[in-house]
Amino acid sequence: MAHEEPKFRLRSQRWFDNPADPGMTALYVERYLNFGLTRGELQSGKPIIGIAQTGSDLAPCNRHHLALAERVKAGIRDAGGIPLEFPVHPIQETGKRPTAALDRNLAYLGLVEVLHGYPLDGVVLTTGCDKTTPACLMAAATVNIPAIVLSGGPMLDGHHKGRLTGSGTIIWEARRMLAAEEIDYEEFMQLVASSATSIGHCNTMGTALSMNSLAEAVGMSLPGCAAIPAPFRERGQMAHATGARIVAMVHENLRPSDIMTRKAFENAIVTASAIGASTNCPPHMIAIARHMGVELAIEDWQTVGADVPLLVDCQPAGRFLGEAFHRGGGIPAVMRELLDAGRLHGDVMTASGKTLAENLAGVADIDRNVIRPYAEPLKEHAGFVVLSGNLFDNAVMKISVIDKEFHARFLSDPEGVFEGKAVVFEGPEDYHARIEDPDLGVDERTVLVIRNCGPVGYPGSAEVVNMQPPAALIKAGIEALPTMGDGRQSGTSASPSILNVSPEAAVGGGLALLQSGDPIRIDLRTRKVDVLIPEEELRTRRQHWKPPVLEHKTPWEEIYRSMVGQLGTGGCLEPATLYLNIVETRGES
Ligand code: FES
Ligand code: MG
């Protein structure tokens with residue numbers, strides 16, 4: 001590709017080529033020469049492109065971005081730009097205590113500071129593991145310089161004894177099998193490890209693949225980027241194309257605010273339902289929207305997405321894993337179906353420089369075994385249901401994972417009503433300590449409730465709501481009970497839990513007032529969850545409620561807790577949402 005002459009002064013020239021201030025220019029330039037860059041390059045007027053590197057030995061899901069970055073750099077160079085790679089605070093979903101969720105907003109803050117404070121004209125966001133995608137997109141939204149997502153891609157499909165084993169999803173199943181003594185510890189470990197086949201992130205439609213898919217659906221990556229498995233040659237080719245494209249985006253001054261509009265977020269919500277996306281997507285997408293200055297509420301997931309059918313046959317809602325999803329056509333195939341069905345806004349701009357409809361014009365060869373036609377879905381009305389009631393303002397439930405057996409056992413009422421008694425746990429430690437206690441009286445009419453697991457309570461909000469019943473009940477054939485909590489659950493879980501309850505117990509949400517034995521009614525038809533005790537009693541309990549004493553283990557935990565909002569509004573650092581569009585990409589300053 002030929003180097004395009006810039007039609008305006010680039011932002012980076014305020015650092016590297018400012019004749020009005022030779023003193024500062026020399027200071028800015030000299031140190032970037034010390035690893036071999038030349039003055040000619042830095043003062044050429046070529047766009048300086050950051051590569052926000054999320055991979056490291058501590059972040060194995062994203063680690064291959066260290067190698068992919070070389071292809072990104074080649075793409076940037078070929079298109080006439082200059083790449084500068086820099087690290088992002090690691091966020092490893094499976095490695096970070098107490099929760100990786102705590103680090104989403106920390107990585108966000110760090111990236112905002114880098115994008116704002118260094119001479120960058122555009123940025124390639126390397127995404128993969130769950131929170132890396134929202135953290136990067138939130139920062140790109142706040143700063144609003146040209147930005148493009150490069151997903152790392154899922155691991156190859158996992159196999160064990162002739163069957164597919166999906167990341168995370170197999171853990172939930174293996175734990176049940178271990179509890180039921182169907183397998184021993186050795187086989188348990190082998191079964192779980194079989195899902196980690198290669199470089200890449202989780203290969204189920206968990207939070208990682210869901211959020212990378214929604215980054216594509218909202219228009220922030222090149223078409224087809226999300227699903228390519230990490231080791232495939234197309235992944236390296238996509239890295240090159242992404243690097244080349246960001247240079248053009250800088251010349252076009254195509255910024256996140258041009259792409260991530262209200263319509264684009266609605267497209268993402270509709271796509272989320274069709275792929276059977278993770279329950280972590282609503283808070284992450286709401287957080288990105290808020291940092292973009294776009295109004296998006298939890299209720300939008302109900303009104304825009306709840307009635308959209310499930311089209312993608314991927315675990316945990318379906319059968320397949322990342323390889324089949326990619327070969328089946330990936331996100332372009334899904335969005336093509338949705339566009340043809342009139343469910344998407346085709347006129348939105350995307351990172352490719354074309355509208356969504358233009359991107360999808362050539363999509364063909366959809367594998368109908370994996371990606372269903374809109375008219376013949378795997379499930380009707382497969383989006384998230386947004387619930388409310390006298391215990392909370394909002395919570396979400398993933399309809400696409402409610403299987404027939406669960407439905408027959410717990411929601412057999414033609415009205416979709418379930419009534420049961422609460423058994424309340426004060427957090428995951430309490431749950432693990434007491435779940436096998438026969439005195440709890442857990443039976444098939446129990447709702448397992450967990451609290452103090454929200455953003456303030458845990459802190460960060462823990463993925464713990466998909467609690468399994470006691471082993472005795474599992475052995476008796478009751479493999480799942482209705483569950484509810486102010487934490488989250490892993491996107492790889494197939495549990496239809498009532499999640500992300502906002503406000504959380506730790507800040508005085510209604511869940512704090514619940515007691516074991518309280519009758520609870522879950523009415524899916526009216527989307528209401530209520531504790532069936534008199535108002536008067538609830539008022540009395542509230543008068544006696546004392547906020548928990550929060551024990552901060554690190555300075556960040558204390559800062560985070562003092563500023564974080566609830567999951568229903570994205571779990572953002574509230575003061576940060578006031579900073580919008582903080583960098584001017586055009587003109588002198
Ligand atoms: Fe990193 Fe699933 S744990 S993608
Ligand atoms: Mg997770």
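Here the structure is a predicted model, which is why all the values come from computation and not from measurement.

Notes on the overall build of the protein chain
- A count of helical and extended segments in the protein chain gives 22 helices and 14 strands.
- Along the first, second and third principal axes, the C-alpha atoms of the protein chain reach 75 × 55 × 50 Å.
- Residues classed as buried in the protein chain amount to 56% of the 589 residues present.
- Of all intrachain contacts in the protein chain linking residues separated by at least 6 positions in sequence, the fraction that spans at least 24 positions is 79%.

Points about the environment of glycine 571
- Among the secondary structure elements, glycine 571 is positioned in the segment after α22 (555–563).
- A sequence separation of 112 residues divides glycine 571 from proline 459, and the C-alpha atoms of the two residues are 11 Å apart.
- With residues up to four places along the chain from it excluded, the contact list for glycine 571 reads Pro283, Ala287, Pro455, Ser461, Val564, Gly565 and Gln566.

Concerning the sheet that holds strand β7 (residues 384–387)
- Sheet architecture is open: 3 strands sit in the order β7-β8-β12, paired in antiparallel fashion. Strands with a single pairing partner mark the edges of an open sheet, and in this sheet they are β7 and β12 (499–502). Averaged over all pairs of adjacent strands, the angle between their axes in this sheet comes to 20 degrees, without regard to strand direction.
- Here 4 bridges tie β7 to strand β8 (residues 394–398), and the two strands are oriented antiparallel to one another. Bridging across to β8, valine 385 finds its partner in methionine 397.

Section: the nonpolar core
- With 164 residues, the main nonpolar core has Leu125 and Val312 as its most contacted residues.
- Considering every element that reaches this core, the biggest residue donor is helix α10 (residues 233–252), with 9 residues.

Some thoughts on the UniProt feature "domain: Dihydroxy-acid/6-phosphogluconate dehydratase N-terminal" (unreviewed entry) in the protein chain
- When the UniProt feature table is mapped onto this chain numbering, "domain: Dihydroxy-acid/6-phosphogluconate dehydratase N-terminal" (unreviewed entry) sits at residues 46–359.
- As annotated, residues 46–359 has a helix share of 49% and a strand share of 9%, and its two end C-alpha atoms lie 28 Å apart.

A word on helix α16 (residues 330–340)
- By the criterion of burial, α16 is predominantly enclosed, with 10 of the 11 residues buried.
- Among the residues making up α16, those that are buried are Gly330, Ile331, Pro332, Ala333, Val334, Met335, Arg336, Glu337, Leu338 and Leu339.
- Against α9 (207–217), α12 (262–275), α15 (322–327) and α17 (356–360) lie the buried residues of α16.
- Directly beyond the C-terminal end of α16, a positive phi value near 80 degrees is found at glycine 342.

How each quantity is defined
Residues numbered from 1 in each chain as written. Chains lettered and ligands numbered in written order. Predicted model: local features only at pLDDT ≥ 70, side-chain atom pairs only at ≥ 80, totals over all residues. Helix = DSSP H or I, 4+ residues; strand = E, 2+ residues; numbered from the N terminus. Buried ≥ 20, exposed ≤ 12 C-beta atoms within 10 Å, placed from the backbone. Contact = placed C-beta atoms within 7 Å. Pairing = 2+ DSSP bridges. Axes fitted to C-alpha atoms, helices over the stretch in contact; angles between N-to-C directions. Core = buried A, V, L, I, M, F, W, Y, C linked by C-beta atoms within 7 Å. UniProt positions renumbered as here; feature names shortened; annotations may be inferred.

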